[in-house]
Amino acid sequence: MQVDITINNSSGRQARYLTWAASPLRLRLADVPTLGPPLTVTLASERDPAGGDLLFSAASPTAPKPTPTLKVALPRNGSSVTVRVYGRFGRPSVADGDVRVVARFKGNVIGKLPVMVRVRKNATRLSAAERDRFVAALAQLNDRGTGRFADFRNMHVLASTNEAHGAAGFLPWHRAYLLDLERELQAIDPSVALPYWRFDRPAASLFTREFLGETDALGNAEFHPANPLTFWTTDGVLGVIRRAQPGFDPATMAARGVFSEADTLALGTNFAAFTAMEGNPHGTAHVSSFSGPITSVPTAARDPLFFLLHCNVDRLWARWQRKNKRFDPATPASYASGATPTSLRVGHNLNDTMWPWNGVITPPRPVNAPGGALSGSPTVSRPGPQPRVRDMLDYQGSVAPASVLGFAYDDVS
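Residues numbered from 1 in each chain as written. Predicted model: local features only at pLDDT ≥ 70, side-chain atom pairs only at ≥ 80, totals over all residues. Heavy atoms only, no water.

(A) A look at the packing of aromatic side chains. Inspection of every chain in the model, using the stated rule, returns 23 aromatic pairs. Arranged with centres 5.2 Å apart and planes meeting at 80°, the rings of tryptophan 20 and phenylalanine 89 form a pair that is edge-to-face. Linking tryptophan 20 in the loop between strand E2 (17–18) and strand E3 (23–30) with phenylalanine 89 in the loop between strand E7 (81–87) and strand E8 (99–105), this pair joins segments that are 69 residues apart in sequence. With a centroid separation of 5.9 Å and 80° between ring planes, the pair formed by phenylalanine 407 and tyrosine 409 is classed as edge-to-face. Across the pair, exposure class does not vary: phenylalanine 407 and tyrosine 409 are buried alike. Across the ring face of phenylalanine 407, the terminal group of arginine 120 is positioned such that the distance to the ring centre comes to 4.1 Å. Taking NZ or CZ as reference, arginine 175 lies 3.8 Å from the ring centre of tryptophan 317, over its face. (Phe/Tyr/Trp six-rings, centres within 6.5 Å; stacked < 30°, edge-to-face > 60°. Helix = DSSP H or I, 4+ residues; strand = E, 2+ residues; numbered from the N terminus. Buried < 20%, exposed > 50% of the residue type's maximum accessible area, 1.4 Å probe, protein only. Lys NZ or Arg CZ within 6 Å of the ring centre and 35° of its normal.)

(B) Representation of the pairing of strand E5 (residues 54–58) in the model. Within E5, four of the five residues are buried, leaving the element largely enclosed by the surrounding structure. Of the pairings in the sheet, the one linking E5 to E7 comprises five bridges and is antiparallel in character. Its bridge partner being in E7, leucine 54 is matched across the sheet by glycine 87. (Pairing = 2+ DSSP bridges.)

(C) Summary view of empty space enclosed by the protein. Tallied over the entire structure, the rule returns five cavities of 30 Å³ or more. Of the pockets and cavities examined, the largest cavity occupies roughly 130 Å³. Among the secondary structure elements, those contributing two or more residues to the lining of the largest cavity are strand E9 (108–117) and helix H1 (128–142). Broken down by element, the lining of the largest cavity gets its largest block of residues, three residues, from H1. Tallied by class, the residues present in the lining of the largest cavity amount to nine nonpolar, two polar and four charged. Empty space within the second largest cavity amounts to approximately 60 Å³. Around the second largest cavity, the lining residues are Thr234, Val237, Leu238, Gly239, Val240, Ile241, Pro293, Arg302 and Asp303. Of the residues contributing to the lining of the second largest cavity, the split by class is five nonpolar, two polar and two charged. (1 Å grid on protein atoms, 1.4 Å probe; cavity = no way out; pocket = protein on both sides within 12 Å on 5 of 7 lines; lining within 4 Å. Points joined across faces, edges and corners; volume = space filled by probe spheres on them. Nonpolar A, V, L, I, M, F, W, Y, C, P; charged D, E, K, R; others polar.)

As structure tokens, then:
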């Protein structure tokens, strides 16, 4: 007797990745006599000592709270039954396949599927293996300046400033930008998720030669010879320029002058008030502690630190959303611009599609659109190739399960 198990509506290995949100888990009996009543199997997780963990529930909207085990009656005729599986909050994976979905019948294992609870983590809490997988994927995407990363560099330039900054779309645009980059990294190594730089705390392990570089006296980020970021190249220039400003020590200090997380979350319960965070902590984190490309919109994306900085900006928005229940695009407090276009610049209204993924290059959009459509995912269908502002809000499917975007944070349930 055997149970065939598939996840995220696919039998492919690249679909075997979970977050805290529900993923469909399909079960089907094979190699059993067709006569007789359904057979009841028990689902549970089997994890490595430091691995991720799972919870399960029925697929019904009225299903009880997810639990560590779930009994499922499977028809003998080979038809499938779909339930839900979740990463267990607080128990993310550290490696690919470090937790398994296990199906048992009368105590015997009759089906097993390795999966990963893949979420974005604090960069200072990554294991050495997680860190190394991330920098290797990022370096491969850059490919010494000849790789796909050039598109992401060219999305964040002076000409695109008004697409991504200075209005309500600042947070949704950068969420899409990070998601697109992350999906490209996962096409290289599916076990990778973007880490975040929590800039209101010291991050000694981030600014090392093994990770994002240790700044020398000339303001160059120095890397360990085994770190593939040694060959980081943008705009035809090899290396990362990032000088700690006088009096700032990234090993012992938080970014200077940034709002604490508590202060950021206290900016207000309406999105319009919360967008003040574009100035502080976001802008302050860019300019207060380092000099170099990271301090200016047209050049900031040259520095890999940019993406970890913005991952934390997005995490703060996610924490604010969870705290205030601001996931629903239909709720005015969830976003500053409603369904009806306002005087806001195009690209920042709720129903606007976003450049460059929409390919629009007529005024007031920039004259080119690097990178093409937003990358797809083998685990979720959203947001689609031409995301709208509204598609970025309900990222965990808190309002509409189909809206889930396939990422989560280690400290946001």
